[in-house]
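Coordinates in review
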Amino acid sequence: MYPTWILFYIYGIFVLDTMYCDNIFYAEHALTKMAERGIEPEEVEDIIKRGEMIKSYPEDLPDPSCLLMGWADGRVLHVVVAKDILYENCIVVTAYEPDPNVWELDFKNKKIKP
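1. Some thoughts on the sheet that holds strand 6 (residues 75–84)
In spatial order, the strands read 3-7-6-5-4; together these five strands make up an open sheet with mixed pairing. Here the strands that pair on one side only, and so sit at the sheet edges, are strand 3 (23–26) and strand 4 (52–57). The mean angle between the axes of side-by-side strands here comes to 30°, regardless of whether they run parallel or antiparallel. Where strand 4 lies against strand 5 (residues 65–72), five bridges are found, and the strand directions are antiparallel. Residue Ser56 lies in a different strand from strand 5, and its bridge partner there is Cys66. The strands touched by helix 1 (residues 28–37) within the sheet are strand 3, strand 6 and strand 7 (89–96), with strand 7 carrying the most contacts at an inclination of about 35°.

In structure tokens:
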């Protein structure tokens with residue numbers, strides 16, 4: 001079992017708070033982009049286990065998702081993960097190194113465009 005999200009139902013919407021999932025699956029897009037970017041599945045899975053949730057997308061369909069941040073081999077990575085709440089599975093949507101021209105120094109917030 002992987003630590004992933006626990007979903008709370010509040011006023012008719014799901015709120016992603018912390019992580020919890022039984023299995024991790026990869027979207028074809030995620031595997032393609034990870035290969036192009038030199039990101040290993042083990043790095044992604046470590047971020048799912050230990051990373052920090054920096055943004056929640058509870059309204060995403062067909063499943064709520066979130067943006068996780070973590071470090072792998074001295075570089076920061078962002079991982080977008082959808083949560084199949086019925087079966088407690090995580091689906092990796094994509095993974096990338098955040099662009100320092102787009103993200104603040106902490107890589108948690110996007111820079112405000114002037």
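2. What to know about the nonpolar core
Counting residues in hydrophobic clusters, the biggest one holds 17 residues, and the most contacted among them are Val44, Ile48, Val79 and Val92. Elements with a contribution of two residues or more to this core: helix 1, helix 2 (41–50), strand 5, strand 6 and strand 7. With eight residues, the next largest nonpolar core counts Ile54, Met69, Tyr96 and Trp103 among its residues.

3. Section: helix 2
All buried positions along helix 2 are accounted for by Glu43, Val44, Ile47 and Ile48. The arc that holds every buried residue of helix 2, seen down its axis, measures 140°, which confines them to one face. Set apart from the buried face of helix 2 by more than 90 degrees, the exposed residues are Glu42 and Arg50.

4. Digging into the pairing of strand 5
The buried count for strand 5 comes to seven of eight residues, which makes it a mostly enclosed element. In the sheet, strand 5 pairs with strand 6 via eight bridges, with the strands oriented antiparallel. In the sheet register, Leu67 faces strand 6, and the bridge partner there is Val80. Linkage of strand 5 to strand 6, two consecutive antiparallel strands, is achieved through a turn of two residues, within which Asp73 is found at a positive phi near 50°.

5. Here we look at the state of the cysteines
In total, this model carries zero disulfides according to the counting rule given. With no disulfide of its own, Cys66 lies closest to Cys90 among cysteine sulfurs, the gap being 7.6 Å.

6. Examining the pattern of salt bridges
Going through the model one piece at a time under the given rule, you end up with five salt bridges. Across the pair Arg75 and Glu43 runs a salt bridge, and its minimum N-O distance is 3.2 Å. Of the two residues, Arg75 is situated in strand 6 and Glu43 in helix 2; the sequence distance between them amounts to 32 residues. No difference in accessibility class separates Arg75 from Glu43, as the two residues are buried.

Reading the values: rules and limits
- Residues numbered from 1 in each chain as written.
- Predicted model: local features only at pLDDT ≥ 70, side-chain atom pairs only at ≥ 80, totals over all residues.
- Heavy atoms only, no water.
- Pairing = 2+ DSSP bridges.
- Helix = DSSP H or I, 4+ residues; strand = E, 2+ residues; numbered from the N terminus.
- Axes fitted to C-alpha atoms, helices over the stretch in contact; angles between N-to-C directions.
- Contact = heavy atoms within 4.5 Å.
- Core = buried A, V, L, I, M, F, W, Y, C linked by side-chain atoms within 4.5 Å.
- Buried < 20%, exposed > 50% of the residue type's maximum accessible area, 1.4 Å probe, protein only.
- Arc of directions from axis to C-beta.
- Disulfide = S-S within 2.5 Å.
- Salt bridge = Lys/Arg side-chain N within 4 Å of Asp/Glu carboxyl O.

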